Amino acid sequence: MKKISILLIFIIALSCKKETKPVKTKVETKTTQTTIPKSKEKTTVKITTIVFLKDVKSLEKDTSKNPIENFKKRASGSVKRVIKINKNNIEASLIKAKDYKYAVITVGDYTILKITDLDNCKPSGSWKACMPKGEGYIKKGKLIYQNDYINNIIGLPDNKERLLYLF
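Residues numbered from 1 in each chain as written. Predicted model: local features only at pLDDT ≥ 70, side-chain atom pairs only at ≥ 80, totals over all residues. Heavy atoms only, no water.

### A short note on the sheet that holds strand S6 (residues 162-166)
Our working definition: Think of it this way: DSSP has to see at least two bridges between two strands before they count as a pair. By the criteria applied, helices consist of DSSP H or I runs no shorter than four residues and strands consist of E runs no shorter than two, each listed in order from the N terminus. Axis geometry follows a simple rule: fit a line to the C-alpha atoms, using only the stretch in contact for helices, then measure angles between N-to-C directions, giving values from 0 to 180 degrees. Two residues form a contact once any of their heavy atoms are found within 4.5 Å.
As summarised here, the arrangement of the six strands in space is S1-S6-S2-S3-S4-S5, forming an open sheet in which the pairing is antiparallel. Here the strands that pair on one side only, and so sit at the sheet edges, are strand S1 (81-84) and strand S5 (142-149). Neighbour to neighbour, the strand axes of the sheet diverge by 30° on average, direction disregarded. Two elements, strand S4 (residues 129-140) and S5, share eight bridges in a ladder whose sense is antiparallel. Pairing of lysine 133 across the sheet is with tyrosine 149, part of S5. On the sheet, helix H4 (residues 90-97) packs against S1, strand S2 (103-107), strand S3 (111-124), S4 and S6 and is oriented at approximately 90° with respect to S4.

Below, the structure written as structure tokens:
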């Protein structure tokens, strides 16, 4: 029994004295920068959209075939909310717009406007709401600048697609 005890103590002592040192391995890392088209596009989207929001006349510099349709595609990357507006919900939608920094309305692919002053509004009989001031463009072959109450820019209520983008 004494021999077994001595042997166990000897084994335990040897195992305790063994230090395990981490093995150093040389790891080569290369840092490469890859541009993923979608990520790059999102950055461009935000910049382009914000330029329009800050300066409506920047739309004139867009050389695409239809800058309004182009804006709609680009805005999807940075818009907080989109509301399809009509005669029944325009008043509530404009109240919601007060919670956002920017509000833009498009009609089809031929009208775009930024609401410039939600507090300066004029009652509209056809829309049954107080319509605020805005500025933007109507596309009739070329872009025609407008600065007026929005009901005079977006036209009479009908079944055309009118979208309110809130940023």
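### Focus: the side chain of asparagine 66
The condition that has to hold: Buried residues are those whose accessible area, probed at 1.4 Å on protein chains only, stays under 20% of the maximum for their type, while exposed residues exceed 50% and partly exposed ones sit between those limits.
Here asparagine 66 is to be found in the loop between helix H2 (37-54) and helix H3 (67-75). We classify asparagine 66 as buried; its relative accessible area is 14%.

### Side note on the pattern of salt bridges
To keep things clear, this is the line we draw: What counts as a salt bridge is simple: a side-chain nitrogen of Lys or Arg found within 4 Å of a carboxyl oxygen of Asp or Glu.
Under the defined criterion, the tally for this structure stands at five salt bridges. As a salt-bridge pair, aspartate 62 and arginine 74 come within 3.8 Å of each other at their nearest N and O atoms. In this pair, aspartate 62 sits in the loop between H2 and H3 while arginine 74 sits in helix H3, placing the two residues twelve residues apart along the sequence. Judged by relative accessible area, arginine 74 falls into the partly exposed class, the value being 25%.

### Re the pairing of S4
Residues in a regular strand point their side chains to alternate faces of the sheet. In terms of strand pairing, S3 meets S4 through ten bridges, oriented antiparallel. Across the sheet, isoleucine 112 pairs through a bridge with tyrosine 137, a residue of S4. What sits between S3 and S4 in their antiparallel hairpin is a turn of four residues, with lysine 128 showing a positive phi close to 55°. Counting the residues that bridge the hairpin from S4 to S5 gives one residue, and of these glycine 141 lies at a positive phi of roughly 80°.

### Here we look at the environment of leucine 143
Relative to the helices and strands, leucine 143 is located in strand S5. Separated by 75 residues in sequence, leucine 143 and isoleucine 68 place their C-alpha atoms 9.4 Å apart.

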